[in-house]
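# What the coordinates show
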Amino acid sequence: QVKNREVEGMMRRYLPKSSVEILHNLGLVADRLDLQLFAVGGFVRDLLLGQRNSDVDVTVDGDGILFAETFAAEFGCRVKSHEKFGTAVIVFPDGFKIDVASTRLEYYVSPGALPTVERSSLKMDLYRRDFTVNTLAIALNSQSFGRLIDYFGAYRDLQAKVIRVLHNLSFVEDPTRVFRAIRFEQRLNFKIAKHTEDLIKNAVKMDFLVKLGGRRLLSELVQILREKEPLQGIGRMASLGLLRFIHPSIQLTPELQAALEQVRYVVSWFDLLYLDRPYERWAVYFLALCEVLSPEEFWATCTRLAVSENQREHLAESRRQGDELIGAMERKLARQERLENSEIYFTLRGLPVEILLYHMAKSGNPETKRCISLYFTKLHGMSTLIGGEDLKGLGIKPGPLFRELLDAVLSARMNGRVSSKEDEIQLVRELKP
Ligand code: ATP
């Protein structure tokens, strides 16, 4: 078994000094309040794997909110508490957060009634978790600081690199765990245990996943697609027959596999450019997964998965626009027509990054890829040297003409027809009515 000193050694090795100090201080406050305090969950799992996890979860065997408030008052932190759940978040001045939960739940059956207090032990609390590797706890009180608590063989499973549920009804109880199992398997590079895999297959066969609402399914899917290497997770979803819960026509064909590999390539290329253009990486994979769906099916799928109204409009509408605009561009390219830089720019500028990356990945035409890449690397950041003030100086009144003239100058600039500010002013003189 792992000794307290070894756990403390790991903390010193893998956590910043300030975090170890915070853990000791949490323990001291718990001592004074006569509470038992434990670090639990993913934080402990990752610590023992030598990986840093910035989410610290602790649990006390009493009033979690009181504990958080006492600690916060002493160490200059803020507290956000959720009375209903008896949980709190301690927020440090630098933004570092600690989630505090309680193994003791107090709730009021009716207003004014005495609280019903449900005392649950740490063991019960940990038993409710998804997989053994998430059931480890570390004592933080000063007398026992660093003691590893392992009720369910978690340490053995961590070493064997296995994802295992705690009981046979786990996936029936909560089908989201099917997706969580896949996510942890891929992220940690573990293997889902044989019996656990059989339970997943059974849950899929018995259609338990249908019980899962669209919103929760989407949230799990997005988390898998947000992982660093989502392809393996998608492969695992396919082999376990889970893609059909997104839409029955989605199958991991060799074409889809190739398209997803292209997405991976394009997305890493884009990330390396360090452009200041935020985008949702998961959405590029999602678009590729939904390639076979018609616009109507795509819209219906987004609705069923409770994609937010904004995002659904954004994705579905720009998916349609992208098909249209980039389709037209590809037809020109196929006819060997030369596209000027300005035409590429004005075709692509209204489309979101996600759609552009998706088309870059799916297009079989290297010219299309080149055009989109040129748009990102060069054209998108270009602007004219002259501005509104210069136009006013030329006697032009602000109005729609302003935009037209500036766009014309920008086009000329992109196509290499003007280079200096004087060139641009000269061009405006020629163009203005
Ligand atoms: P991540 O790095 O993805 O945040 P994590 O292990 O911290 O990994 P969370 O999703 O933040 O995962 O969940 C925190 C803890 O709550 C987990 O360690 C897990 O034991 C438990 N948990 C989360 N979701 C479930 C679930 N559906 N069923 C049971 N336990 C769950």
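What you see is a predicted model, and the numbers here were worked out from it, not measured in a lab.

All right, on to the overall build of the protein chain then. Of the regular secondary structure elements, the protein chain holds 21 helices and 11 strands. Each of the three principal axes of the protein chain carries a C-alpha extent, and together these read 85 × 50 × 50 Å. Looking at the 433 residues of the protein chain, the share that counts as buried comes to 48%. Partitioning the intrachain contacts of the protein chain with sequence separation of at least 6 by distance along the chain shows that 66% fall at a separation of at least 24. When the accessible surface of the protein chain is summed, it comes to about 22,100 Å², and 51% of that surface belongs to carbon and sulfur atoms.

A few words now on the site of the ligand. Looking at the ligand, there are 15 residues lining it, with Arg45, Asp174, Arg177, Arg180 and Arg187 nearest. Between the ligand and the protein, one listed contact pairs an oxygen atom with a side-chain N or O atom of Asp130 at 3.1 Å. Within the side chain of Arg183, a nitrogen or oxygen atom sits 3.1 Å from an oxygen atom of the ligand. Considering the ligand on its own, with 580 Å² of exposed area, one finds that the protein chains cover 73% of that surface. Counting only elements with at least two residues in the shell around the ligand, the list comes to helix H3 (42-48) and helix H8 (176-188). Looking at which element gives the most residues to the shell around the ligand, the answer is H8, with six residues. Classifying every residue of the shell around the ligand by side-chain character gives one nonpolar, four polar and 10 charged.

This part covers helix H21 (residues 421-431). Buried residues of H21: Glu424, Leu427 and Val428, and no others. Around the axis of H21, the buried residues are gathered within 100° of arc, so they sit on the same side. Opposite the buried face of H21, by more than 90 degrees, sit the exposed residues Glu422 and Glu430. Looking at the buried positions of H21, the neighbouring elements they touch are helix H19 (388-393) and helix H20 (400-414).

Attention now goes to the packing of aromatic side chains. What the rule picks out here adds up to 15 aromatic pairs. When the ring centre of Phe184 is taken as origin, the NZ or CZ atom of Arg183, which lies over that ring, is 5.4 Å away. The ring of Phe298 has Arg319 lying over it, and the distance from NZ or CZ to the ring centre is 4.3 Å.

Turning our attention to the environment of Leu221. Within the secondary structure, Leu221 sits in helix H10 (residues 214-226). Contacts of Leu221, omitting those with residues within four sequence positions, involve Met237, Ile246 and Phe286.

A separate point is the packing of helix H15 (residues 309-334) against helix H18 (residues 366-377). In the contact formed by H15 and H18, the axes pass within 10 Å of each other and the chain directions differ by 125°. Taken together, the axis directions place H15 and H18 in an arrangement best described as oblique. H15 and H18 meet at a crossing whose hand is right-handed. Residue-level inspection shows Ile326, Met329, Glu330 and Leu333 of H15 in contact with H18, the latter providing Glu367, Thr368, Cys371 and Ile372. By residue class, the composition of the contact of H15 with H18 is five nonpolar, one polar and two charged.

The full count for this structure, using the stated rule, is 31 salt bridges. Across the salt bridge formed by Glu8 and Arg12, the nearest N and O atoms sit 3.3 Å from each other. Residue Glu8 and its partner Arg12 are located together in helix H1 (residues 4-14), separated by four residues, close to a single helical turn. Among the ionic contacts, a cluster of salt bridges with common partners joins Glu185, Glu197, Lys201 and Arg236.

This brings us to the pairing of strand E3 (residues 78-82). Judged from the five bridges that link them, E3 and strand E4 (residues 87-91) form a sheet pairing that is antiparallel. Paired with Val79 across the bridge in E4 is Ile90.

With that settled, consider the sheet that holds E3. Here seven strands make up an open sheet; going across it, the order is E3-E4-E5-E2-E1-E8-E9 and the pairing mixed. Since the sheet does not close on itself, it has two edges, and those belong to E3 and strand E9 (148-149), each with one partner. Here four bridges tie E4 to strand E5 (residues 97-102), and the two strands are oriented antiparallel to one another. Among the inter-strand pairings, Ile90 is bridged to a residue of E5, identified as Ile98. Set on the sheet, helix H4 (residues 64-75) makes contact with strand E1 (37-40), strand E2 (56-60), E3, E4 and E5; between it and E3 the angle comes to about 170°.

Turning our eyes to something else, we now look at the environment of Leu401. Positionally, Leu401 belongs in helix H20. For Leu401, a relative accessible area of 28% puts it in the partly exposed group. A C-alpha to C-alpha distance of 53 Å links Leu401 and Gly235, two positions 166 residues apart in sequence. Setting aside residues no more than four positions away along its own chain, Leu401 makes contact with Ile396 and Pro433.

Another point: the nonpolar core. One broad rule of soluble globular proteins: the nonpolar side chains tend to lie buried together. Membership of the largest hydrophobic core comes to 120 residues, with the highest contact counts inside it found for Met11, Leu26, Leu242 and Phe286. When residues of this core are assigned to their parent elements, the largest contribution, eight residues, is made by helix H13 (residues 281-289). Ignoring anything within four residues of it in the chain, the contact list for Leu242 reads Val178, Phe179, Ile182, Val204, Leu209 and Met237. Judged by nonpolar contacts, the second largest core, of 12 residues, contains Ile386, Leu394, Val418 and Leu427.

Time to look at the domain arrangement of the protein chain. Often, the extent of an interface is quoted as the loss of accessible area on bringing the components together. What the domain assignment lists for the protein chain is domain 1 (4-160), domain 2 (170-245), domain 3 (262-381) and domain 4 (388-431). Taking only C-alpha atoms into account, the centre of domain 3 sits 30 Å from that of domain 4. Each partner contributes residues to the interface: domain 3 has seven residues there, and domain 4 has six residues. Carbon and sulfur atoms make up 51% of the area that domain 3 and domain 4 hide from each other, which totals about 570 Å². Broken down residue by residue, the surface that domain 3 buries against domain 4 is led by Glu340, Ser342 and Phe346, which jointly contribute 57%. Where domain 3 meets domain 4, there are two salt bridges. In this structure, Arg417 engages Glu340 in a salt bridge whose closest nitrogen and oxygen atoms are separated by 2.6 Å. Taken together, the links from domain 3 to domain 4 amount to four residue pairs in polar contact (both at pLDDT 80 or more). For the side of domain 3 that touches domain 4, the class distribution of residues is three nonpolar, two polar and two charged.

Reading guide: rules and limits
- Residues numbered from 1 in each chain as written.
- Predicted model: local features only at pLDDT ≥ 70, side-chain atom pairs only at ≥ 80, totals over all residues.
- Heavy atoms only, no water.
- Helix = DSSP H or I, 4+ residues; strand = E, 2+ residues; numbered from the N terminus.
- Buried < 20%, exposed > 50% of the residue type's maximum accessible area, 1.4 Å probe, protein only.
- Contact = heavy atoms within 4.5 Å.
- Areas by Shrake-Rupley, 256 points an atom, 1.4 Å probe, with all protein chains shown as cover.
- Near = heavy atom within 4 Å.
- Polar contact = N/O pair within 3.5 Å; in protein donor to acceptor, adjacent residues only side chain to side chain.
- Nonpolar A, V, L, I, M, F, W, Y, C, P; charged D, E, K, R; others polar.
- Arc of directions from axis to C-beta.
- Phe/Tyr/Trp six-rings, centres within 6.5 Å; stacked < 30°, edge-to-face > 60°.
- Lys NZ or Arg CZ within 6 Å of the ring centre and 35° of its normal.
- Axes fitted to C-alpha atoms, helices over the stretch in contact; angles between N-to-C directions.
- Parallel < 35°, antiparallel > 145°, perpendicular 65-115°, else oblique.
- Left-handed = near helix turned anticlockwise from the far one by under 90°.
- Salt bridge = Lys/Arg side-chain N within 4 Å of Asp/Glu carboxyl O.
- Pairing = 2+ DSSP bridges.
- Core = buried A, V, L, I, M, F, W, Y, C linked by side-chain atoms within 4.5 Å.
- Domains from an automatic or database assignment.
- Buried area = accessible area lost by both parts, 1.4 Å probe.

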